[in-house]
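Survey of secondary and tertiary structure
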Amino acid sequence: MQRRDLGRFLFGAFGAAGVLAPAWGEEGMWTFDNLPVKEMQSAYHYTPSADWLAQVQQAAVRVGSGCSGALVSADGLVLTNQHCIDECLAELATPKQDYTVDGFYAQSREQETRCPDLEIDQLVESADVTTQVQDALKGLDGERYFSALRFITSKLESDCVDGDARTWSCEVTGLYHGGRYALYKYRRYRDVRLVFTPESGIANFGGDPDNFNFPRYCLDLAVLRVYQRDKPAHTGYLPFRTNEPEDGELVFTAGNPGSTERGWTLAELKSLRDDDIVPTLLYYSELRGVLEQFAKEGKEQQRLAFANLSDIENAIKDYQGELEALQDQSQLDKKAADEAALRDWVMADPGRRAHYGDPWAAIATAEAAYHDLVLRYRMLEQAWGFQSRLFDYARTLIRAAAERDKPNGRRLPEYRDSNLPAVESSMLAVTPSSPDYEELMLGWSLTRLRAALGADDPLVRRVLGRRSPEQLARAAVEGTHLDSAGLRKQLWENEQNIIDIAADPMIALARAVDTEARAARQAYEEKVQTVLRQQGELIAQARFARDGAASYPDATFTLRLSYGQVRGWQEPEGPVPTFTDFSGLYVRATGSAPFQLPQRWLDARPKLDLKTPFNYVTTNDIVGGNSGSPVIDRDGKLVGLVFDGNIHSLGGDFWYDARSNRAVALDNTAILAALRKIYGMPQLADELVNGHL
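What comes next concerns the included structure. Treat the numbers as computed from the prediction; the structure is a model and nothing was measured.

**Looking at the pattern of salt bridges**
Counted by the stated rule, this structure contains 46 salt bridges. Two residues, aspartate 191 and arginine 114, come together in a salt bridge whose shortest N-O distance is 3.8 Å. Of this pair, aspartate 191 sits in strand 9 (residues 191–197) while arginine 114 sits in strand 5 (residues 113–114); the two residues are 77 residues apart in sequence, bridging distant segments of the chain. The exposure class assigned to arginine 114 is partly exposed, which follows from its relative accessible area of 43%. Note that arginine 518 is salt-bridged to glutamate 403, the shortest N-O span being 2.8 Å.

**Some thoughts on helix 11 (residues 329–347)**
Between its first and last C-alpha, helix 11 extends 26 Å over 19 residues, near the 27 Å set by a 1.5 Å rise per residue. Turning to helix 11, its buried residues are Gln331, Leu332, Lys335, Glu339, Leu342 and Val346. In an axial view of helix 11, the angular spread of the buried residues amounts to 100 degrees, which keeps them on one side of the axis. Turned more than 90 degrees away from the buried face of helix 11, the exposed residues are Lys334 and Asp344.

**A short note on the state of the cysteines**
Simply put, the disulfide is a covalent bond whose two ends are the sulfur atoms of two cysteines. Counting across every chain of the model gives 3 disulfides. Bridging cysteine 67 to cysteine 84, the disulfide has an S-S length of 2.2 Å. Across the S-S bond of cysteine 67 and cysteine 84 the torsion is about -90 degrees, and the bridge reads as left-handed. Here cysteine 84 lies in the loop between strand 3 (77–80) and helix 3 (86–92) and cysteine 67 lies in strand 2 (residues 67–71), a separation of 17 residues in the sequence. In this pair, the class of cysteine 67 matches that of cysteine 84, namely buried. Cysteine 218 carries a free sulfur, and the closest cysteine sulfur to it, the one in cysteine 84, is 13 Å from it.

**Quick look at the packing of aromatic side chains**
Under the counting rule described, the total for this entry stands at 24 aromatic pairs. Arranged with centres 5.8 Å apart and planes meeting at 55 degrees, the rings of tyrosine 46 and phenylalanine 252 form a pair that is tilted. With a gap of 206 residues between them, tyrosine 46 in the loop between helix 1 (37–44) and helix 2 (50–59) and phenylalanine 252 in strand 12 (residues 250–255) connect regions that are remote in the sequence. Both residues of the pair, tyrosine 46 and phenylalanine 252, count as buried. For the ring pair tyrosine 377 and tyrosine 524, a centre distance of 4.4 Å and an interplane angle of 15 degrees mean the geometry is stacked. Taken together, the residues tyrosine 377 in helix 13 (residues 359–380) and tyrosine 524 in helix 21 (residues 505–547) connect sequence positions 147 residues apart. By the ring-pair criterion, three or more aromatic residues cluster together here, those being Tyr283, Tyr284, Tyr319 and Trp444. Cation over ring: arginine 488 sits above tyrosine 393, and NZ or CZ is 3.9 Å from the ring centre. In this structure, arginine 600 is placed above the aromatic ring of tyrosine 105, and the distance from its NZ or CZ to the ring centre is 4.4 Å.

Cut-off values and rules
- Residues numbered from 1 in each chain as written.
- Predicted model: local features only at pLDDT ≥ 70, side-chain atom pairs only at ≥ 80, totals over all residues.
- Heavy atoms only, no water.
- Salt bridge = Lys/Arg side-chain N within 4 Å of Asp/Glu carboxyl O.
- Helix = DSSP H or I, 4+ residues; strand = E, 2+ residues; numbered from the N terminus.
- Buried < 20%, exposed > 50% of the residue type's maximum accessible area, 1.4 Å probe, protein only.
- Expected span 1.5 Å × (residues − 1).
- Arc of directions from axis to C-beta.
- Disulfide = S-S within 2.5 Å.
- Phe/Tyr/Trp six-rings, centres within 6.5 Å; stacked < 30°, edge-to-face > 60°.
- Lys NZ or Arg CZ within 6 Å of the ring centre and 35° of its normal.

What follows is the structure, given as structure tokens:
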């Protein structure tokens with residue numbers, strides 16, 4: 001099991017495995033090879049065919065920023081959300097052209113512009129590799145267990161890539177707490193070009209007040225195109241339905257939910273709440289204030305801070321919702337009762353007790369160890385102490401030089417041969433760097449590092465010396481040459497050069513903390529991660545033995561299918577309607593941010609059918625990572641695009657309530673109306689409808 005990295009972010013969007021009790025209602029993020037066919041047939045008299053599933057799997061893609069998307073034309077057109085490409089928009093922006101605020105509109109293929117550091121992955125196939133992995137881990141614990149896990153997963157991934165890591169990406173993923181392991185093979189699209197995205201004023205209309213709420217009125221849309229050999233890739237795709245779904249209609253979402261903790265033990269959930277979420281909220285709240293102050297210094301500073309501020313506000317509301325969910329004693333009591341029942345079942349039989357032991361107690365001990373080491377691990381390895389793109393470059397270069405000298409199976413996972421092309425792409429991308437912004441973020445991060453570890457900590461004293469955090473940040477940013485993509489390319493291709501420029505202050509800073517950062521990571525992996533993985537696997541095996549396989553695994557940012565229906569819900573104040581329309585948008589607009597409409601929308605009002613559906617809600621089970629997921633009808637046609645959940649969905653990481661959990665989606669008819677009547681892009685609308693250029 002991998003603990004979530006709460007707090008890693010720089011310029012772009014945000015981007016655990018368990019076993020659950022049998023699902024009821026529309027709950028579940030199901031793998032394609034284990035769908036609840038009987039339940040779907042009973043509730044909706046419908047079972048997806050093999051052809052339907054193959055088409056959906058081929059068209060549903062994973063967006064490297066931590067989102068989902070859908071191929072929607074035979075010429076590589078991809079739909080996702082604007083908030084999923086924040087980093088691309090920031091990288092393409094200039095002081096004179098802010099694509100986040102103003103939008104981007106390619107009127108021809110020649111105007112489609114490559115996102116410097118964005119990859120889209122298409123799942124080609126998956127295989128069950130449980131036997132290979134579990135045989136390699138049998139009888140091992142501690143560092144031996146973790147080394148063996150790295151070795152076997154590296155071998156499986158390397159064999160899968162078969163020497164062509166630029167075309168293919170392979171990942172071994174643990175499902176059901178290691179009760180099952182799957183090998184996923186993806187086709188990589190690394191030439192991803194921006195075609196269209198609207199102004200942030202309509203993509204994020206309502207801003208933070210409307211976030212995780214409904215009614216909503218957002219065109220949270222980005223249209224991309226994947227290329228191969230400088231030409232649009234020819235792909236399978238989802239046909240685009242031109243009429244809106246009906247209230248009560250059966251719909252599916254196919255996406256890559258990022259991480260859920262529904263199968264975690266009570267001890268793990270309490271640790272997540274107290275040791276991760278609470279400090280993360282404090283961290284983001286302080287960072288929000290820092291960036292808000294920076295944004296007041298000028299227009300350029302405001303532009304640089306915008307993407308991060310938007311993501312911070314989203315994260316704060318998200319984590320506040322999760323915190324409230326984990327403070328819901330009634331749900332925790334249900335969790336405790338379910339856990340006690342399984343534990344009693346194990347302990348009631350001497351044979352089961354001998355086989356499974358007491359994994360709940362072992363997990364509680366590991367969480368106590370996590371409490372003791374998490375601060376140092378978080379500050380040094382999870383990068384709370386070093387929020388800087390330039391520092392990231394330096395750390396990556398240093399580690400790549402060290403890791404590539406090792407056998408592939410002994411490397412840190414991110415530096416395996418199968419992953420190196422993605423690391424290289426990020427390292428060599430030509431992206432703008434603002435010295436002022438870098439100094440601000442690195443200086444603030446170093447201040448947080450000193451506050452967290454203490455001014456007398458040997459590492460802090462060694463790193464800062466007699467300088468203040470701001471002085472060190474200024475010297476590192478002003479003295480480094482890592483803002484040059486050409487230099488980074490030389491260093492990446494010739495590791496000896498890193499030694500030759502060891503005087504570069506950013507590389508020197510990364511080198512100064514690397515040994516202790518690695519030690520903190522190793523302590524976490526040995527004392528916490530390995531224990532949670534091993535003991536969680538035993539709990540999974542026990543539940544399988546008692547209940548069978550009528551369940552779905554926790555989310556792992558791999559392809560899942562959920563089913564549900566287009567339907568509103570009931571609040572104490574009354575029913576919440578299923579749909580919003582253009583007329584409601586204009587009623588809600590006040591002329592002041594975040595309810596200020598772009599001028600295009602004000603000018604286009606007389607041309608619009610104000611009854612056009614805009615956003616709607618469904619009962620589909622989704623969480624973070626599902627942003628950009630296609631909403632699909634029973635005929636395999638795309639009828640919308642998920643971009644959010646309602647306020648009740650924030651507890652979806654831990655449990656699902658069909659009465660109130662809702663996915664929020666953008667309606668197809670609104671997309672077509674906007675392209676044709678507001679943005680003057682009929683050719684793009686025609687490609688969506690016809691499925692080709």
